[in-house]
Amino acid sequence: QNPELGMAAPMSWRRLVCSVYAPAVSGVITRMSDRLFRTRDRRQGSSVLLLAPLLAEADPLSTTSQPRSQVTAGTEGLHHRFRWIADHVPAFRVPGHRVRVLRTPDEFFQVMKARIRTAKKRVVMASLYLGTGPLEQELVDCIEEALVRSRKESLTSDFKVSILLDYTRGSRGKRNSRTMLLPLLKGFPGQLRVALYHTPDLRGLLRLLVPERFNETIGVQHIKAYLFDDDLLISGANLSDSYFTNRQDRYVLLQGCREVADFFAELVGAVADSSLQLQPDDGARMQEGRVHPYKGDRTEFAAAARQRVMGVMNSARARQRLEATAAQEGEGAGEGTAAGPGRGDTWVFPLVQMKPLGISLDEQVTKRLLTEAGGDCRIYLTSGYFNLTRAYVQLLLGAAADYRILLASPEVNGFFGAKGVAGSIPAAYVHIARQFYSRVCRLGQQERIRLHEYHQRNWTFHAKGLWYYLQGSDKPCLTLVGSPNFGYRSVHRDLEAQIAIVTENKELQAQLQQEQEMLYQRSTEVSSSTFEQPNRYVKLWVKLVSPFIKNFF
């Protein structure tokens, strides 16, 4: 999906061929193995699994009317327009002044360190991986300081640290995410938990044959959520030095929003319960009674993991329904309502996408947002890895809204300058962008759908999400921010989470507008001449291979 996959290495001709076709060959091997072992799979549930169909798309979100959610009953204006989101996911109402949009990688890094140092009861961190450089060590040192302080303050400290990472990415190399955290795990075994999620789709023959550099193309834990007591920092950024220095992403801090923080703590905990637990001896094993992700039955693992995650979602919605009912009864008795003006002017909707576990909430909400974006709307959409699913492309092309799409120029693509075949990945993204732009032009929609390329010298680009504007407004009323890239991997392979923020708060809208302007001001608009530039040349073999591997990155 991105340089998080880290595939650079010197290449011989034989290794080049292997590297180019590894993902595609993996799919073929998986399909063959599935046929050979299908009978055993039904009996034991532990053989090689069929990868998600390369070109399959989920069914479009049903357009049938749905019951009006009680949690948003009675809301008007802007919230009335988007209240349907609460028919799918929990809805948290917060004061807009508690939401802060961060701008830079350094601000992201400094806020995390400061919040860790002052945390009193919990630190919860979910990321693809933790890097191994000096800046990452600073972060680990902050965690250690917080743990030491908690012991000094109380012999029976309730302060806990929970870290969720991806197993494949976090285990790569001799020095890796696991070795960075082992000293803390040994020193604070009762207060620190490190969970390593392993996709159930990497198993059996596939797990044996796919090289380490490519195994995470099958699927990863991709959620980026950082929680400190009752503060939640949601982002697309990983815990690695470039994300702290010169890799542009998005970051939104919700301060003192206990209900939202509790929800994400439970969500990360649910995924962690379905993950391998790092041990002080660097081993990793499942908790007793849990289904193993690649040794156990695939269907049973997915069902159990889905039940835990959806249990968090459904419990939150059930609590909110009870609170709404109580508020309505109180209002009838003259006691006021919990949904009144004092509760806040901003809604936060957590969106989760975990297709390997059978969860498609983010996809459903995103599709409906794109479907219902009429001619009175303007949408700014960005992805560091522009590789939209066919369903999203069709919705964009069939919508009436104006779109401004921001993507990475080849020079700020995280793979730019990489050795071996990885160095050709920016060219593959150029090819995908050109195909999309050509289709837009053939339909005569180049005025309604405009592409922009992000440029910043010596930086890379990793931002994703969208900003939603209503007609007559120069500020967005809704944003999506988190880990999804709107691509095939985000929809079908990885575990993703983001939040939809709907706000009437003018200051928060201004922050979001400034964030959007900051990113787009560093871009140039794409035209047909863009793809004629020498640095946009795409080799024939890249064009030929792209259709077979585009769903793996």
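Keep in mind that this is a model prediction, so the values were computed, not measured.

Caption draft 1: The sheet that holds strand β6 (residues 225–228), seen in detail. The 9 strands are arranged β2-β9-β7-β6-β3-β4-β5-β10-β11 in an open sheet whose pairing can be described as mixed. Every other strand in the sheet has two partners, leaving β2 (99–102) and β11 (284–285) as the edge strands with one partner each. By the bridge criterion, 4 bridges tie strand β3 (residues 122–126) to β6 in an arrangement that is antiparallel. Directly across from Val 123, in β6, lies its bridge partner Phe 228. Along the sheet, helix α6 (residues 177–187) makes contact with β4 (160–166), β5 (192–197), β10 (276–278) and β11, crossing β5 at roughly 155°. Running over the sheet, helix α9 (residues 258–273) touches β3, β4, β5, β6, β7 (231–235), β9 (251–254) and β10 and is turned about 60° from β3.

Caption draft 2: Just the environment of Glu 144, in detail. Examined against the element boundaries, Glu 144 turns out to sit in helix α4 (residues 134–153). The class for Glu 144 is partly exposed, based on a relative accessible area of 35%. C-alpha separation for the pair Glu 144 and Ile 116, spaced 28 residues apart in sequence, amounts to 9.6 Å. Ignoring anything within four residues of it in the chain, the contact list for Glu 144 reads Leu 184 and Phe 188.

Caption draft 3: Quick look at the side chain of Ser 523. In this fold, Ser 523 is placed in strand β21 (residues 523–525). Among the polar contacts listed, one links the side chain of Ser 523 to the backbone oxygen of Tyr 520, at a separation of 2.6 Å.

Caption draft 4: Structural view of the pairing of strand β19 (residues 478–482). Burial within β19 is extensive, with 5 of its 5 residues counted as buried. Here β19 shows a buried face lined by Leu 478, Leu 480 and Gly 482 and a second buried face lined by Thr 479 and Val 481. Strand direction decides the pairing type here: strand β18 (residues 465–470) and β19, joined by 3 bridges, are antiparallel. Its bridge partner lying in β19, Trp 467 is registered against Thr 479. Sheet analysis places β19 next to strand β20 (residues 496–503), joined by 5 bridges and oriented antiparallel. Paired with Thr 479 across the bridge in β20 is Ile 501.

Caption draft 5: Local environment of unusual backbone geometry. Positive phi, normally seen in glycine, also occurs at Asn 458, with a value near 65°. Tracing the chain through its elements places Asn 458 in the loop between β16 (449–454) and β17 (460–461). For Asn 458, a relative accessible area of 63% puts it in the exposed group. Of note, the phi angle at Phe 486 is positive, near 70°, even though the residue is not glycine. By relative accessible area, Phe 486 is classed as buried at 4%.

Caption draft 6: Here's a closer look at the pattern of salt bridges. With the rule as written, the count across this model stands at 25 salt bridges. A salt bridge links Arg 100 to Glu 107; the shortest N-O distance between them is 3.0 Å. Judged by relative accessible area, which is 22%, Glu 107 ranks as partly exposed. Between Lys 121 and Asp 230 there is a salt bridge whose closest N-O contact spans 3.0 Å. Here the residue Lys 121 occupies a position in the loop between α3 (105–118) and β3, and Asp 230 occupies one in the loop between β6 and β7, the gap between them amounting to 109 residues. Exposure remark for Lys 121: the relative accessible area of 36% places this residue in the partly exposed category.

What counts, and at which threshold
Residues numbered from 1 in each chain as written. Predicted model: local features only at pLDDT ≥ 70, side-chain atom pairs only at ≥ 80, totals over all residues. Heavy atoms only, no water. Pairing = 2+ DSSP bridges. Helix = DSSP H or I, 4+ residues; strand = E, 2+ residues; numbered from the N terminus. Contact = heavy atoms within 4.5 Å. Axes fitted to C-alpha atoms, helices over the stretch in contact; angles between N-to-C directions. Buried < 20%, exposed > 50% of the residue type's maximum accessible area, 1.4 Å probe, protein only. Polar contact = N/O pair within 3.5 Å; in protein donor to acceptor, adjacent residues only side chain to side chain. Salt bridge = Lys/Arg side-chain N within 4 Å of Asp/Glu carboxyl O.

Function cannot be inferred from these measures alone, as they are strictly geometric.
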